[in-house]
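Residues per chain are reported as follows:
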Amino acid sequence: MTRVFSGIKPTGHLTLGNYLGAMRRWVTVDQHRADALFCVVDLHALTVDHDPARVRRLSRQGATLLLAAGLDPQRCTVFVQSHVDEHARLSYLLECVATDGEMRRMIQYKEKSRREQERGGSVRLSLLTYPALMAADILAYRTDEVPVGEDQTQHVELARDLAVRFNQRYGHTFTVPRAIRPEVAARVMNLQDPVSKMGKSEDSGPGIVYLLDEPDVVRKKVMRAVTDSGQDVVYDRRERPGLANLLEILAACRGEEPERLSGEYGSYGALKKDTAEAVVEVLRPLQERHRELCADPGYLEGVLRAGAERASGMARPTVDAAYRAIGLLPA
Ligand code: TYM
């Protein structure tokens, strides 16, 4: 059976980008046809300046939202990264296989370290080595497919390179994974700045639809989305990024194609209105389920405990094999 692994990082409230770019496929496709693991990758949240209480809160909220979105613990494994030691154990070995140069080439490292320096802050070493930990997340489970949004493709490519290199040097140990991206909405853009990604860690609230935004807040954000100066509704990501973003969001919500939808609209106003309603409808059941789950915190704890146990059992043999292959004495 195909093994699928993916994760979300608790550095901010989850957004429509996380949902349309990744989570929705996990719920509707992956958990039904694969042996799938979904993880709240809390260790990754420590790679930037962080508040411990906030990371704890966001980790719990992220896990709750995964279940609220429809992940079923009877069908897939939902867990928290730091509950399974194999991730950190394997990450160190992969740091010994990766090079400094390939880590520094990562776009997210370049962007985030520049931003951090501009703010006058310091760049944590773990921000540089982050892709080794992410590769460990994936490789520990002999993952075949990694369903992610476009921004994670480069990291998954690196995980592939490390798997191939490790296997060549030390003997076949890892499955070589591949990234799977959604056909539409692989990169949902900020509604106020449609050339930038809608990212949960950014602080510009009005351009970001959060999964827990009230319907009226969603409507307001979508209706105020920055569009382009043209009049006609055409799908052109390069020339008309604001409009293209709305068409992609609407298409993703309805399971249609953005080009086809563009032909249905004569004005920006009508498109915005339909997009706002489509987003509200997609979020409604998720928000209802989230409220129910919050009323029963014991349920989430049980799911995460069982998930970590199952995940550990899957990862340990592979990570042990990697320790032996690379030359470490068995304990
Ligand atoms: P994270 O937490 O930033 O995002 C979680 C998932 O959401 C996707 N995504 C988007 N897709 C479309 N448009 C957007 N605006 C948008 N914003 C986010 C991301 O591509 C991702 O699929 N490094 C990862 C977490 C991670 C991981 C892993 C993923 C750690 N280890 C192993 C897969 C496998 C991250 O920061 O995702």
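Conventions used here
Per chain, residues are indexed from 1 in the order of the written sequence. Only residues with pLDDT of at least 70 get local features here, since the model is predicted, and only at 80 or more are side-chain atom pairs given and counted; chain-wide, interface and lining totals rely on the full set of residues. Only hydrogens and water are set aside; all other atoms, that is, all heavy atoms of the structure, feed into the side-chain values. Within this document, salt bridges are pairs made up of a side-chain nitrogen of Lys or Arg and a carboxyl oxygen of Asp or Glu, the two lying within 4 Å of each other. A simple rule labels every residue: compare its accessible area, found with a 1.4 Å probe on the protein chains alone, to the largest value its type can have, and call it buried under 20%, exposed over 50%, or partly exposed in between. Distances are taken per atom, and a residue is near a molecule or strand as soon as one of its heavy atoms is within 4 Å of it. Any pair of N or O atoms that falls within 3.5 Å is considered a polar contact. Within protein, one atom must be able to donate a hydrogen and the other to accept it, and sequence-neighbouring residues count only if both atoms are side-chain atoms. A 1.4 Å probe and the Shrake-Rupley method give the accessible areas. Residues count as covered only by the protein chains that appear here. Each helix is a run of H or I in the DSSP string that is no shorter than four residues. Each strand is a run of E no shorter than two, and both are numbered from the N terminus. All tallies of charge rest on Lys and Arg as positive and Asp and Glu as negative; His and the ends of each chain are not included. In this analysis, two residues are considered to be in contact whenever any of their non-hydrogen atoms come within 4.5 Å of each other. The criterion for strand pairing is that DSSP finds at least two bridges linking the strands in question. A 1.4 Å probe that fits but cannot get out identifies a cavity on a 1 Å grid over protein atoms alone, an open set with protein on both sides within 12 Å along at least five of seven lines counts as a pocket, and a residue lines either if it has an atom within 4 Å of a point. Grid points are joined across faces, edges and corners, and a volume is the space filled by probe spheres set on the points. Here the nonpolar group is Ala, Val, Leu, Ile, Met, Phe, Trp, Tyr, Cys and Pro; Asp, Glu, Lys and Arg are the charged ones; every other residue, Gly included, is treated as polar. By this rule, a helix spans an expected 1.5 Å times one less than how many residues it contains.

Chemist: What's the story with the pattern of salt bridges in this structure? I'm lost.
Modeler: Where charged atoms from two side chains of opposite charge come close, those side chains can pair. Taken as a whole, this structure holds 25 salt bridges when the rule is applied. The partner of Asp213 in a salt bridge is Lys221, with the nearest N and O atoms 2.7 Å apart. Pair check on accessibility: Asp213 and Lys221 agree, each one buried. With a closest N to O distance of 3.3 Å, Asp232 and Arg240 form a salt bridge. Of the residues examined, Asp232 reaches a relative accessible area of 42% and is grouped as partly exposed. Relative accessible area serves as the criterion here: at 13%, Arg240 is assigned to the buried category. Through salt bridges with shared partners, a single network forms among Arg25, Asp30, Arg33, Glu145 and Arg178.

Chemist: Which parts of the structure should I look at to understand the site of the ligand?
Modeler: Residues in contact with the ligand amount to 27 residues; listed here are only the nearest, Tyr130, Asp137, Asp151, Val188 and Lys200. Interatomic distance of 2.6 Å between a side-chain N/O atom of Tyr130 and a nitrogen atom of the ligand. Coverage of the ligand by the protein amounts to 98% of the 710 Å² it exposes when considered alone. Sorting the residues of the shell around the ligand by element identifies β1 (3-8), α1 (16-33) and α6 (125-139) as the ones contributing at least two each.

Chemist: Is there a simple way to explain the side chain of Lys272 in this structure?
Modeler: By the secondary structure assignment, Lys272 is in helix α11 (residues 268-294). For the buried Lys272, no salt bridge exists, and the shortest N-O distance to an oppositely charged side chain is 9.3 Å, to Asp228. Look past the residues within four positions of Lys272 in its chain and what remains in contact with it is Val222, Met223, Arg224, Ala225, Thr227 and Leu246.

Chemist: Please explain the pairing of β1 as it appears in this structure.
Modeler: Put simply, side chains in a regular strand alternate between the two faces of the sheet. The buried fraction of β1 is high, at 5 of 6 residues. With 6 bridges joining them, β1 and strand β2 (residues 35-40) adopt parallel strand pairing. Following the sheet pairing, Ser6 is matched in β2 by Phe38.

Chemist: Would you explain the layout of surface pockets in this entry?
Modeler: Over the atoms rolls a probe the size of a water molecule, and its path tells where empty space is left. Considered as a void within the structure, the second largest pocket measures approximately 390 Å³ in volume. Lining of the second largest pocket is provided by 20 residues; of these, Arg56, Ser59, Arg60, Leu300 and Leu304 occupy positions nearest its centre. No other element matches helix α2 (residues 52-69), which puts 7 residues into the lining of the second largest pocket. For the lining of the second largest pocket, the class distribution of residues is 11 nonpolar, 5 polar and 4 charged.

Chemist: Looking at this model, I keep getting lost on α6. Mind explaining?
Modeler: Structurally, the α-helix is built with 3.6 residues per turn, so residues lying three or four positions apart point the same way. Its 15 residues give α6 an end-to-end C-alpha distance of 22 Å, which sits within 8% of 21 Å, the value for a rise of 1.5 Å per residue. Most of α6 is tucked away: 12 of the 15 residues are buried.

Chemist: Looking at this model, I keep getting lost on the environment of Arg291. Mind explaining?
Modeler: Here Arg291 lies in helix α11. On the basis of relative accessibility, which here comes to 56%, the residue Arg291 falls in the exposed class. As for Arg291 and Leu65, which are separated by 226 residues in sequence, their C-alpha atoms are 9.9 Å apart.

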